[in-house]
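Working through the structure, step by step
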Amino acid sequence: DTEVTQTPKHLVMGMTNKKSLKCEQHMGHRAMYWYKQKAKKPPELMFVYSYEKLSINESVPSRFSPECPNSSLLNLHLHALQPEDSALYLCASSQAPGGDYGYTFGSGTRLTVV
Amino acid sequence: GEDVEQSLFLSVREGDSSVINCTYTDSSSTYLYWYKQEPGAGLQLLTYIFSNMDMKQDQRLTVLLNKKDKHLSLRIADTQTGDSAIYFCAENIAAGNKLTFGGGTRVLVKP
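So, a few notes on the structure that sits alongside this text. (Residues numbered from 1 in each chain as written. Chains lettered and ligands numbered in written order. Predicted model: local features only at pLDDT ≥ 70, side-chain atom pairs only at ≥ 80, totals over all residues. Heavy atoms only, no water.)

Let's talk about the pattern of salt bridges
- According to the stated counting rule, one finds six salt bridges over all chains in the structure shown.
- Among the ionic pairs, Arg63(A) bridges to Asp85(A), the shortest N-O distance being 2.7 Å. On the criterion of sequence distance, the pair formed by Arg63(A) in the loop between strand S6 (53-57) and strand S7 (64-70) and Asp85(A) in the loop between strand S8 (73-79) and strand S9 (87-94) is long-range, its members being 22 residues apart.
- Of the residues examined, Arg63(A) reaches a relative accessible area of 23% and is grouped as partly exposed.
- For Asp69(B), the salt bridge goes to Lys68(B), with nearest N and O atoms at 3.6 Å.
- Residue Asp69(B) is classed as partly exposed on the basis of its relative accessible area, which comes to 47%.
- What emerges from the salt-bridge pattern is a single network uniting Lys36(A), Arg63(A) and Asp85(A). (Salt bridge = Lys/Arg side-chain N within 4 Å of Asp/Glu carboxyl O. Helix = DSSP H or I, 4+ residues; strand = E, 2+ residues; numbered from the N terminus. Buried < 20%, exposed > 50% of the residue type's maximum accessible area, 1.4 Å probe, protein only.)

And the structure:
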């Protein structure tokens, strides 16, 4: 298995909803990442988990809450989002922190906040 | 500081070679990457180069790195219509464990 799997692929949520994005990899990678990508823009780093511990939080608002239950799973819990949070959310993993041999990205969850 | 820049757009005829350029500012970059993104899809790692290398070739792809000028390029030989996509260069600074992307170059391959 050489993939990063993200679910759901599409999500529409209201501003008062609570939802979660899920990411899974079975490549034995020990670093996992959340990126946010707005239309026609490059991905922007949100969070980094190294060995299941949060190592980087790029000043992301608290309405986004990451969780790494084990080395294969990464969740992003969403609560009280704003319409401007609508974007493609990408999960990635790498063999180790530092990204040697590259980062593998999932196909993303396209989130629309209404 | 971290800043990665790319030209916005490249148009090329099918069968010709494409060259996508990228400049970066952080000399402590350890790895530099090229990713491809098709409409509505995630990012596909095309190739990467370690900072102590000058060149890397992988089938139709050739990466050139000029570390002195902090310039990275991706050459796609015999460009096909399936190569139409946005191409992002990215640098990795190991100490920061961060991948910083350029703005992306939209490549359009015309038949």
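Concerning the interface of chain B and chain A
- With 21 residues of chain B in contact, the opposing surface of chain A contributes 25 residues.
- Regarding the contact of chain B and chain A, the summed buried area is about 1700 Å², with carbon and sulfur atoms giving 54% of it.
- Considering only the side of chain B, the residues that lose the most area to chain A are Leu43(B), Asn97(B) and Phe101(B), jointly responsible for 30% of the buried surface there.
- Between chain B and chain A we count zero salt bridges in total. (Contact = heavy atoms within 4.5 Å. Buried area = accessible area lost by both parts, 1.4 Å probe.)

Things to note about the sheet that holds strand S1 (residues 4-7) of chain A
All names here are of chain A.
- On the basis of which strands lie adjacent, the open sheet formed by four strands has the order S1-S3-S8-S7 and antiparallel pairing. This sheet does not close on itself; its edge strands, each paired only once, are S1 and S7. Across the sheet, the axes of successive neighbouring strands diverge by a mean angle of 20°, strand direction being ignored.
- Inspection of the sheet shows strand S3 (residues 18-25) paired to S8 by seven bridges, in the antiparallel sense. Each bridged residue has a counterpart across the sheet, and for Lys19 the counterpart in S8 is Leu78. (Pairing = 2+ DSSP bridges. Axes fitted to C-alpha atoms, helices over the stretch in contact; angles between N-to-C directions.)

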